[in-house]
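Structural overview
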Amino acid sequence: MAVALRFPGLAREPPAVLAICAAASSKLGRDQDFVCASARLPAQCWRRRGLVVRCQTGAAAVLRNEEATPAAAALKADTGFTVVMKFGGSSLASADRMKEVADLILSFPEETPVIVLSAMGKTTNNLLLAGEKAVSCGAPKASEIPELAVIKDLHLRTIDELGLDRSVVSGLLDELEQLLKGVAMMKELTHRTRDYLVSFGECMSTRIFAAYLNKLGKKARQYDAFDIGFITTDDFTNADILEVTYPAVAKRLHGDWMDDPAIPIVTGFLGKGCKSCAVTTLGRGGSDLTATTIGKALGLREIQVWKDVDGVLTCDPNIYAKAIPVPYLTFDEAAELAYFGAQVLHPQSMRPARDGDIPVRVKNSYNRHAPGTVITKARDMSKSILTSIVLKSNVTMLDIVSTRMLGQYGFLAKVFSIFEDLGISVDCVATSEVSISLTLDPSKLWSRELIQQELDHVVEELEKFAVVHLLQRRSIISLIGNVQRSSLILEKAFNVLRRKGVNVQMISQGASKVNISLVVNDSEGKECVQALHSAFFENGFMSEVEGADVPQNGASLNSNGTIYGN
Ligand SMILES: Nc1ncnc2c1ncn2[C@@H]1O[C@H](COP(=O)(O)OP(=O)(O)O)[C@@H](O)[C@H]1O
Ligand SMILES: N[C@@H](CC(=O)OP(=O)(O)O)C(=O)O
């Protein structure tokens, strides 16, 4: 028999229906058929998401099943996660910070949140360093690696200061030490082992935090993402989340909530390889992606990422302290900004939020009342000129000139097929018929340094039909803004750069509509960003230009209490 679930209003958004069906499926039995009153998705869509759903868009047959309505109402009341709140390492650096974050979460009693946490402070870096040292230190010395001591000390001190039992992490700390001994014995650290190694950071922070919330009387349940359906590719250190993750995570979180409500505390950054079944990681900063994935899976109202800055800023505050918060961004702008090097967001994290059309709010856990940045699908761009300036350093650039005559077809195709064969991605491109300049992604999104050997191989292949100049230590300055006003942006930018005597070596304005990229020497990058920031954001330029939107200019505090803005 099919049970009809009727969710007036709620079922309008497919993710919400998906989440509720997942919940219903775990409550009423996995083989149950469901008929969704107002679902818009065709039946095969539902099946692809792993649910047994018989979908009817005509409501009549469905709504007549009175039996189901009370069950549906109960489910609706029961499955009300509203937001996902992600806290990064900088928000969780100590016991005091954990207390502050718990207080912050409890200050929103109207919300039923899912919490995503990164590792405490610099734990991921320390785990990586410990792993590298283990490779060469010899098994007997593995227990004495200084970074292991730092990790042990931080976590045990935090446990003590929060008044918790050391058993919450002592097993994991022992396991970690054994793992390092294993690495020392094997004298090698594969990408797979590296991922397993760094997973200890998130596994420990979430256990500590869940235990602390429970101690405060707020029922919480810890989850390892790799155990609740975060299924990824097997690209260790930089894995991609697969579609099956969404229904699996929704089903598990909703199912548990209905059996025994408790705030989920989920490890960020981690997943499970689809073939290997081993722990994978989503690339540095990957907890942002965990948060947006959960937001989409559960069809939540909002995704919040809590950092140590007042939102996305007009440039990296480490490059220029006068950076100011950007109040609104589109998913496209945020994705471009992250991809071109702004560390504040993981490059892939906007994808699930954009697919699910769920707003992302970037907030400061050290300054919780600051409005932060709201990222949505669209915003009024009519008054927008420049939003943010991003610097990506240590970029490799290639100038490739065909040795054949003008009119030779297939030149570009040949060039790009070489990059495809070698698995190297290209960032920016500028072309003419017989020449092409391009920049190479130095790290294939964080993980793999493009090593000299690979570069030599690229050049060797290209030299079969072109003259190639390899130009290293370049920087890409990305001007994120309204490309509809590109002439204005470029006029101003080139004015600034000309006055500084900087020669732009390449310019690329793609179809993205939000980004103009300029390539300069690494040695000039920082100064250029500072000068551009002054010109665009500090001298009244935006308000001078008719109708331009002026970003928030109030002074704000970052985590160290430093004032940026004026
Ligand atoms: N455009 C930018 N806006 C805000 N922060 C930026 C920007 N570019 C770089 N950052 C850096 O990103 C940091 C926050 O990102 P991250 O360290 O990943 O936070 P978390 O660990 O809390 O997730 C900030 O402290 C800042 O130094
Ligand atoms: N701990 C991981 C994942 C992460 O997202 O961290 P953070 O949120 O602190 O950037 C890292 O350092 O990469």
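Residues numbered from 1 in each chain as written. Chains lettered and ligands numbered in written order. Predicted model: local features only at pLDDT ≥ 70, side-chain atom pairs only at ≥ 80, totals over all residues. Heavy atoms only, no water.

To continue, consider the overall build of the protein chain. Along the protein chain, the regular secondary structure elements total 18 helices and 21 strands. Split into buried and exposed, the 566 residues of the protein chain put 53% on the buried side. Looking at the protein chain alone, contacts between residues at least 24 apart form 74% of all its contacts between residues at least 6 apart. (Helix = DSSP H or I, 4+ residues; strand = E, 2+ residues; numbered from the N terminus. Buried < 20%, exposed > 50% of the residue type's maximum accessible area, 1.4 Å probe, protein only. Contact = heavy atoms within 4.5 Å.)

All right, on to the site of ligand 2 then. In the vicinity of ligand 2, the residues found are Lys 86, Gly 88, Gly 89, Ser 118, Ala 119, Thr 124, Glu 202, Phe 269, Arg 284, Gly 285, Gly 286 and Ser 287. At a separation of 2.8 Å, an oxygen atom of ligand 2 approaches a polar backbone atom of Gly 89. With the chains in place, 83% of the 340 Å² that ligand 2 exposes on its own is no longer accessible. Residue composition of the shell around ligand 2, grouped by class: two nonpolar, seven polar and three charged. (Near = heavy atom within 4 Å. Polar contact = N/O pair within 3.5 Å; in protein donor to acceptor, adjacent residues only side chain to side chain. Areas by Shrake-Rupley, 256 points an atom, 1.4 Å probe, with all protein chains shown as cover. Nonpolar A, V, L, I, M, F, W, Y, C, P; charged D, E, K, R; others polar.)

Despite not being glycine, Thr 237 has its phi angle at roughly 75°, a positive value. Positionally, Thr 237 belongs in the loop between β6 (231–232) and α10 (245–259). Taking the relative accessible area as the measure of exposure, Thr 237 reaches 12% and is therefore buried.

Per the counting criterion, the structure on display carries 23 salt bridges. Between Glu 100 and Arg 368 there is a salt bridge, with its nearest N and O atoms 3.2 Å apart. A residue pair is termed long-range when its members are at least 10 positions apart, and Glu 100 in helix α5 (residues 95–106) and Arg 368 in the loop between β12 (360–364) and β13 (373–376) qualify at 268 residues. The exposure class of Arg 368 is buried, given its relative accessible area of 19%. The residue Asp 332 makes a salt bridge to Arg 354 at a minimum N-O spacing of 2.3 Å. Of this pair, Asp 332 sits in helix α12 (residues 331–339) while Arg 354 is found in helix α13 (residues 350–356), placing the two residues 22 residues apart along the sequence. You can call Asp 332 partly exposed: its relative accessible area is 36%. Each of Lys 86, Asp 288 and Lys 307 takes part in salt bridges that share partners, so that together they form one network. (Salt bridge = Lys/Arg side-chain N within 4 Å of Asp/Glu carboxyl O.)

Once that is clear, we can look at the sheet that holds β6. Backbone hydrogen bonds are what pair the strands of a sheet, in a parallel or an antiparallel way. An order of β6-β8-β9 is seen for the three strands of this open sheet, with the pairing classed as mixed. Here the strands that pair on one side only, and so sit at the sheet edges, are β6 and β9 (279–281). As paired elements, β6 and strand β8 (residues 270–273) share two bridges and run parallel to each other. By the bridge assignment for β8, Thr 232 is matched with Gly 273. (Pairing = 2+ DSSP bridges.)

As a matter of local geometry, ligand 1 sits amid 17 residues, with Lys 86, Ser 90, Asp 308, Leu 313 and Asn 318 nearest to it. One of the backbone N or O atoms of Gly 89 is found 3.5 Å from an oxygen atom in ligand 1. With respect to ligand 1, the side chain of Asn 318 contributes an N or O atom lying 2.8 Å from an oxygen atom. Within the complex, 88% of the 570 Å² of free accessible area of ligand 1 lies under protein. Here the shell around ligand 1 is built from residues that sort into seven nonpolar, six polar and four charged.

For any two helices packed against each other, one specifies the crossing angle of their axes together with the interaxial distance. Across the interface, helix α6 (residues 123–137) lies against helix α9 (residues 191–215) with an axial gap of 9 Å and an inter-helix angle of 145°. α6 and α9 meet at a crossing whose hand is right-handed. The segment α6 lies against α9, with Thr 123, Thr 124, Leu 127, Leu 128, Gly 131 and Glu 132 engaging Arg 194, Leu 197, Val 198, Phe 200, Gly 201 and Glu 202. (Axes fitted to C-alpha atoms, helices over the stretch in contact; angles between N-to-C directions. Left-handed = near helix turned anticlockwise from the far one by under 90°.)

Okay, the packing of aromatic side chains next. For the structure on display, the rule yields six aromatic pairs. On the basis of an interplanar angle of 80° and a centroid distance of 5.3 Å, the ring pair of Tyr 339 and Phe 340 is categorised as edge-to-face. Of the residues examined, Tyr 339 reaches a relative accessible area of 23% and is grouped as partly exposed. Aromatic side chains Phe 411 and Phe 465 sit 6.2 Å apart centroid to centroid with 80° between the ring planes, which places their arrangement in the edge-to-face category. Here Phe 411 is found in helix α14 (residues 411–422), whereas its partner Phe 465 is found in the loop between α15 (452–462) and β17 (466–481), with 54 residues between them in sequence. Across this residue pair, the class does not change: Phe 411 and Phe 465 are buried. Its end group placed over the ring of Tyr 366, Arg 97 keeps NZ or CZ at 3.7 Å from the ring centre. (Phe/Tyr/Trp six-rings, centres within 6.5 Å; stacked < 30°, edge-to-face > 60°. Lys NZ or Arg CZ within 6 Å of the ring centre and 35° of its normal.)

Ordered in space as β15-β16-β14-β17-β19-β18, the six strands form an open sheet in which the pairing is antiparallel. At either margin of the open sheet sits one strand with a lone partner, and together these are β15 (426–431) and β18 (506–509). On average, adjacent strands in this sheet sit at an angle of 30° to one another, irrespective of strand direction. One ladder, built from six bridges, connects strand β14 (residues 386–402) with strand β16 (residues 435–440); its direction is antiparallel. Across the sheet, the residue bridging to Ile 400 is Ile 436, located in β16.

Further remarks concern the pairing of strand β4 (residues 113–117). The buried fraction of β4 amounts to five of the five residues, a majority that puts the element mostly inside the structure. By the alternation rule, side chains of β4 split into Pro 113, Ile 115 and Leu 117 and Val 114 and Val 116, which are all buried. Of the strand pairs in this sheet, strand β3 (residues 83–87) and β4 are connected by five bridges, and their pairing is parallel. Across the sheet, residue Met 85 finds its bridge partner in β4, namely Ile 115. As for the winding sense of the linkage, the β-α-β connection from β3 through α5 to β4 is right-handed. (Right-handed = clockwise from strand over helix to strand, strands pointing away.)

Moving on, we get to a nonpolar patch on the surface. Together, Leu 412, Phe 416 and Val 429 give the surface a local cluster of nonpolar side chains, amounting to about 190 Å² of exposed area. Counting through the fold element by element, Leu 412 comes out in helix α14. Leu 412 sits in the partly exposed class, given a relative accessible area of 33%. (Patch = residues over 30% accessible without salt bridge, like charges linked within 9 Å, V, L, I, M, F, W, Y side chains within 5 Å.)

A separate point is the confidence of the model for the protein chain. Across the protein chain, the average pLDDT comes to 83, with 79% of residues at or above 70. Note on residues 6–16: pLDDT under 50 across the span, and 21 contacts to partners over four residues away in sequence or across chains. With pLDDT under 50 throughout, residues 552–566 is counted as low confidence; its partners more than four residues away or in other chains account for 42 contacts. This prediction of the complex comes with two scores: 0.83 for pTM and 0.98 for ipTM. (pLDDT = per-residue confidence, 0-100.)

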